[in-house]
Amino acid sequence: MVVLVSPEDEAELNYAVVNFGKKSPSSDVINIQQNTNAPELEEEPSYVFIGSKLPSSGVTDAMEHAKARKTQEDVIKICKQHRKLLIISIIAAIILLTVIIAVTIGRNQSECCPEDWKIFNHSCYYFSLMGYNWSEAKEQCEKNQSTLVMIKSSKEQDFLNKTVRNGTDEYWIGLTDANHEGDWKWVNGESCKCTETNRLYWYDKEPDNWSASGSIVDEDCAIIKQDGGWSDTKCIDRQKWICEKLMSIC
């Protein structure tokens, strides 16, 4: 005998052979056998085709749990992405705020020089009205948190030249070879390197260390004259001077 069980859901198909043993004929079969002397039914195996099986409640729970877990993983992934974007946004905001604060402070602050000082390229320059020797002039500059001017560029030289050209005075600058003849250095100890091929703004044949009337005093200090040229002269001479310092925040 073959038993068919139709599948209702998609599932794994299972087959089984079930031996029910010798089958008992129904009453109709018995009557037929009695009337016709039909042979006795032989014992034969019965095949049972077991169709698809509906999932049990345990399987359903497992499927629901897997779906819930997948949903939870998606939520965690989205949260991590949002957190990363939030961190980036916070960092960008901090940088922007820092720039805004710096610009604001810069606008509210301005550079300035003391009264009677001239301004050029973020530096302050003082042109004295009276004359001292070179060492005294150097001390006067230091008292005002400055130095005798050290001319380091053609633009600075042009600025000084325009300032002094209309007058009749000569001014000490921060250049001397008092420590070693011929080795001209600025007051900060930096070598000028301006007496050979790169003579800068010296007059022709200057520095010459010239001594009038057989004086034994060398010309070890430099001055800038009315036309902007440099010359060496005795450090004990009395000259006006130029001080220089960086501008300060007002």
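Look up: the structure comes first, before these words.
Predicted model only: the values in this text are computed from it and were never measured. (Residues numbered from 1 in each chain as written. Predicted model: local features only at pLDDT ≥ 70, side-chain atom pairs only at ≥ 80, totals over all residues. Heavy atoms only, no water.)

Novice: Before we go on, may I ask you to explain the overall build of the protein chain in this structure?
Specialist: On a plain count of helices and strands, the protein chain comes out with four helices and 13 strands. Expressed as a percentage of the 250 residues in the protein chain, the buried residues total 26%. By sequence separation, contacts in the protein chain at least 24 residues apart represent 70% of the contacts at least 6 residues apart. Here the protein chain has roughly 17700 Å² of accessible surface; of this, 55% comes from carbon and sulfur atoms. (Helix = DSSP H or I, 4+ residues; strand = E, 2+ residues; numbered from the N terminus. Buried < 20%, exposed > 50% of the residue type's maximum accessible area, 1.4 Å probe, protein only. Contact = heavy atoms within 4.5 Å. Areas by Shrake-Rupley, 256 points an atom, 1.4 Å probe, with all protein chains shown as cover.)

Novice: I tried to follow the nonpolar core on my own but got confused; where do I start?
Specialist: For soluble globular proteins, the rule of thumb is that nonpolar side chains tend to be buried together. Of all hydrophobic cores here, the largest spans 20 residues; its most connected members are Leu160, Ile173, Leu175, Trp186, Trp230 and Ile242. Counting residues per element, the ones that place at least two in this core are strand E6 (123–127), helix H4 (154–164), strand E8 (171–176) and strand E10 (221–224). When neighbours within four sequence positions are excluded, leucine 160 is seen to be in contact with Tyr125, Phe127, Val149, Ile151, Ile224 and Ile242. (Core = buried A, V, L, I, M, F, W, Y, C linked by side-chain atoms within 4.5 Å.)

Novice: What am I meant to see in the packing of aromatic side chains here?
Specialist: Aromatic rings considered in pairs are described by the distance between their centres and by the relative angle of their planes. Counting across every chain of the model gives 10 aromatic pairs. An angle of 90° between the planes, with centres 5.8 Å apart, marks the rings of phenylalanine 127 and tyrosine 171 as edge-to-face. With phenylalanine 127 in strand E6 and tyrosine 171 in strand E8, this residue pair connects regions lying 44 residues apart in the sequence. There is no split in this pair, since phenylalanine 127 and tyrosine 171 are both buried. Look at tryptophan 202 and tryptophan 230: their rings are 5.7 Å apart centre to centre, the planes differ by 85°, and that puts the pair in the edge-to-face class. Taken as a pair, tryptophan 202 in the loop between strand E9 (185–186) and E10 and tryptophan 230 in strand E11 (residues 230–233) lie far apart in primary sequence, 28 residues in all. The same class applies to tryptophan 202 as to tryptophan 230, namely buried. It is lysine 245 that lies over the ring of tryptophan 117; its NZ or CZ is 4.8 Å from the centre. (Phe/Tyr/Trp six-rings, centres within 6.5 Å; stacked < 30°, edge-to-face > 60°. Lys NZ or Arg CZ within 6 Å of the ring centre and 35° of its normal.)

Novice: Sorry if this is basic, but what is going on with unusual backbone geometry here?
Specialist: Among all residues save glycine, negative phi is the norm, and among peptide bonds the norm is trans. The omega torsion of the bond from glutamate 206 to proline 207 falls at -5°, within 30 degrees of zero and hence cis. When you line up the elements, proline 207 lands in the loop between E9 and E10. Positioned with a positive phi, aspartate 116 is a non-glycine residue whose angle comes to about 75°. Its location among the elements puts aspartate 116 in the loop between strand E4 (111–112) and strand E5 (118–120). The phi angle at lysine 205 is positive, at roughly 70°, despite the residue not being glycine. The topology assignment puts lysine 205 in the loop between E9 and E10.

Novice: For this particular structure, what's the right way to read the state of the cysteines?
Specialist: Two cysteines, two sulfur atoms, one covalent bond between them: this is a disulfide. Under the defined criterion, the tally for this structure stands at four disulfides. Two residues, cysteine 141 and cysteine 243, share a disulfide whose sulfurs are 2.0 Å apart. Its S-S torsion of approximately -90° makes the covalent link between cysteine 141 and cysteine 243 left-handed. Of this pair, cysteine 141 sits in helix H3 (residues 134–143) while cysteine 243 sits in strand E12 (residues 240–246); the two residues are 102 residues apart in sequence, bridging distant segments of the chain. Of the residues examined, cysteine 243 reaches a relative accessible area of 2% and is grouped as buried. (Disulfide = S-S within 2.5 Å.)

Novice: How should I be thinking about the pairing of E10 in this particular structure?
Specialist: Successive side chains on a regular strand alternate, one facing one side of the sheet and the next facing the other. Neither face of E10 is open: one carries Cys221 and Ile223, the other Ala222 and Ile224, and all of them are buried. Summarising the sheet, E8 and E10 pair through three bridges and their orientation is antiparallel. Note on E10: the bridge partner recorded for tryptophan 172 is isoleucine 223. Sheet topology places E10 next to E11; four bridges connect them, and they run antiparallel. Paired with isoleucine 224 across the strands is tryptophan 230, a residue of E11. (Pairing = 2+ DSSP bridges.)

Novice: Would you mind going over H3 with me for this structure?
Specialist: Since the α-helix packs 3.6 residues into each turn, any two residues three or four apart lie on the same face. The set of residues buried in H3 consists of Trp134, Ala137 and Cys141. All buried residues of H3 project into a common sector of 60° when viewed along the axis, lining one side. Here the buried face of H3 lies against strand E7 (147–148), E8, E10 and E12. The backbone nitrogen of serine 135 has a side-chain oxygen 3.1 Å away, supplied by the residue at the start of H3, namely asparagine 133. Two residues or fewer past H3, glutamine 145 is found with a positive phi of approximately 50°. (Arc of directions from axis to C-beta. Polar contact = N/O pair within 3.5 Å; in protein donor to acceptor, adjacent residues only side chain to side chain.)

Novice: Honestly, the environment of asparagine 209 in this entry has me stumped. Any pointers?
Specialist: Positionally, asparagine 209 belongs in the loop between E9 and E10. On the accessibility criterion, asparagine 209 (22% relative accessible area) is partly exposed. Excluding residues that lie within four positions of it along the chain, asparagine 209 makes contacts with Glu181, Asp218, Glu219, Asp220 and Asp232. Engagement of the side chain of asparagine 209 in a polar contact is seen with the backbone nitrogen of glutamate 219, the distance being 2.7 Å.

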